[in-house]
Amino acid sequence: MACLAHIRRKFYDARPKNYSSKCVTHKEVTLCNVLLALDKSLKDLSVIVRYEKRLEIAKPKLEEFFEWCGSLTEHGKLGTAITYALNQKDSTMNFLSDSRLLLSNNIAEHGIKSLVVGRKNWLFFQSFDGAHAVASILGLLETAKINGLHSRKYLDYLLTHLPNRQNTPLEAYLSWSPKVQLESR
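Report on the accompanying structure. (Residues numbered from 1 in each chain as written. Predicted model: local features only at pLDDT ≥ 70, side-chain atom pairs only at ≥ 80, totals over all residues. Heavy atoms only, no water.)

### Side note on the overall build of the protein
Here is step 1 of the chain: Assigned secondary structure in the protein consists of 11 helices and zero strands.
Here is step 2 of the chain: Helices and strands appear in the protein in the N-to-C order α-α-α-α-α-α-α-α-α-α-α.
Here is step 3 of the chain: Across its three principal axes, the protein shows a C-alpha extent of roughly 65 × 45 × 30 Å.
Here is step 4 of the chain: In the protein, which comprises 185 residues, the share counted as buried stands at 30%.
Here is step 5 of the chain: Contacts spanning at least 24 positions in sequence make up 61% of the contacts within the protein whose residues lie at least 6 apart.
Here is step 6 of the chain: Of the roughly 12,400 Å² of accessible surface on the protein, a fraction of 57% belongs to carbon and sulfur atoms.
Here is step 7 of the chain: Within the protein, the 18 negative side-chain charges are centred at a point lying 7 Å from the centre of the 26 positive side-chain charges. (Helix = DSSP H or I, 4+ residues; strand = E, 2+ residues; numbered from the N terminus. Buried < 20%, exposed > 50% of the residue type's maximum accessible area, 1.4 Å probe, protein only. Contact = heavy atoms within 4.5 Å. Areas by Shrake-Rupley, 256 points an atom, 1.4 Å probe, with all protein chains shown as cover. Lys, Arg positive; Asp, Glu negative; His and termini not counted. Charge placed at Lys NZ, Arg CZ, Asp CG, Glu CD.)

### A few points about the packing of aromatic side chains
Here is step 1 of the chain: Scanning the entire structure with this criterion turns up four aromatic pairs.
Here is step 2 of the chain: Ring geometry for phenylalanine 65 and phenylalanine 66: centres 5.1 Å apart, planes at 75°, overall edge-to-face.
Here is step 3 of the chain: Residue phenylalanine 65 is classed as buried on the basis of its relative accessible area of 1%.
Here is step 4 of the chain: Between tyrosine 157 and tyrosine 173 the ring centres are 6.4 Å apart and the planes differ by 45°, which places this aromatic pair in the tilted class. Separated by 16 residues along the polypeptide, tyrosine 157 in helix α10 (residues 151-161) and tyrosine 173 in the loop between α10 and α11 (178-183) bring together distant segments of the chain. Of the two residues, tyrosine 157 and tyrosine 173, neither departs from the other in class, the shared state being buried.
Here is step 5 of the chain: What links up through ring pairs into an aromatic cluster is the set Phe11, Phe65, Phe66 and Trp68. (Phe/Tyr/Trp six-rings, centres within 6.5 Å; stacked < 30°, edge-to-face > 60°.)

### Quick word on the packing of helix α1 (residues 4-14) against helix α2 (residues 24-41)
Here is step 1 of the chain: In the contact formed by α1 and α2, the axes pass within 8 Å of each other and the chain directions differ by 155°. As judged from the angle between their axes, α1 and α2 are roughly antiparallel. In terms of crossing hand, the pair formed by α1 and α2 is left-handed. On α2, the residues that touch Leu4, Ala5, Arg8, Phe11, Tyr12 and Ala14 of α1 are Thr25, Glu28, Val29, Cys32, Asn33, Leu35 and Leu36. (Axes fitted to C-alpha atoms, helices over the stretch in contact; angles between N-to-C directions. Parallel < 35°, antiparallel > 145°, perpendicular 65-115°, else oblique. Left-handed = near helix turned anticlockwise from the far one by under 90°.)

### Points about the side chain of arginine 54
Here is step 1 of the chain: Residue position: arginine 54 is located in helix α3 (residues 47-70).
Here is step 2 of the chain: Not counting residues within four places of it along the chain, the set of residues in contact with arginine 54 comprises Asp39, Leu42, Lys59, Phe95, Leu96, Asp98, Ser99, Leu101 and Leu102.

### Here we look at the pattern of salt bridges
Here is step 1 of the chain: For the structure on display, the rule yields six salt bridges.
Here is step 2 of the chain: In this structure, arginine 100 engages aspartate 98 in a salt bridge whose closest nitrogen and oxygen atoms are separated by 2.7 Å.
Here is step 3 of the chain: Classification of arginine 100 as exposed rests on a relative accessible area of 62%.
Here is step 4 of the chain: Owing to a relative accessible area of 21%, aspartate 98 belongs among the partly exposed residues under this scheme. (Salt bridge = Lys/Arg side-chain N within 4 Å of Asp/Glu carboxyl O.)

Structural data, given as C-alpha cells:
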C-alpha cells in the first residue's frame, strides 16, 4: 500500500514560489487533499459501505490523477513528482481493494516517531535484553496513546497495580480494559 500523503508532498514541493490556483501542481495537491479528506469522511462507515463509496467516488478521481500523470513528460521537481506517483500507482490503487486500508500512512508514521527520534540512542544498548526492554516499553506507550490514554498515567497504573496482582488476568491491565481506561486518562 502506497501513501497518497507522500505523493502529495512531491507535488507540493514541485510548486513554483508564486503559484496560482491554475498551476498544474497546485491542482494535483488539491486533488490529493480531496481524496484524503474523502477517505477520512468515510472512516465511520461499515467496511462494505466504505468499499462501495470508494469505488463510486475515489476510484474515478484516482484514475484521473494517474491518467494526467501518464500524459506528461516533465523534468525537474514536477518530473520527479510525476515519476514517483506513477511508480506508486499500483500500490496506491490497492486502497480500493480493501476498505480497511488507509490512503495515508501518517498514523503509522506518527506511531513510530518516538522510535525514530531515539534511533541513534538505540545504538548504544549493550545487550539484546536492554533493547528488548525498551522496545516493550515503547510498544506499551504507543498502544496507550492509540487507546486515548495518558502514557505516564498508564505506566504509573501498571507499576502500581501489576506487582500486587494475585489472581487477576493480565488482560485486565491492557490499555483498552475499562478499568484502565477509567484510571489512566
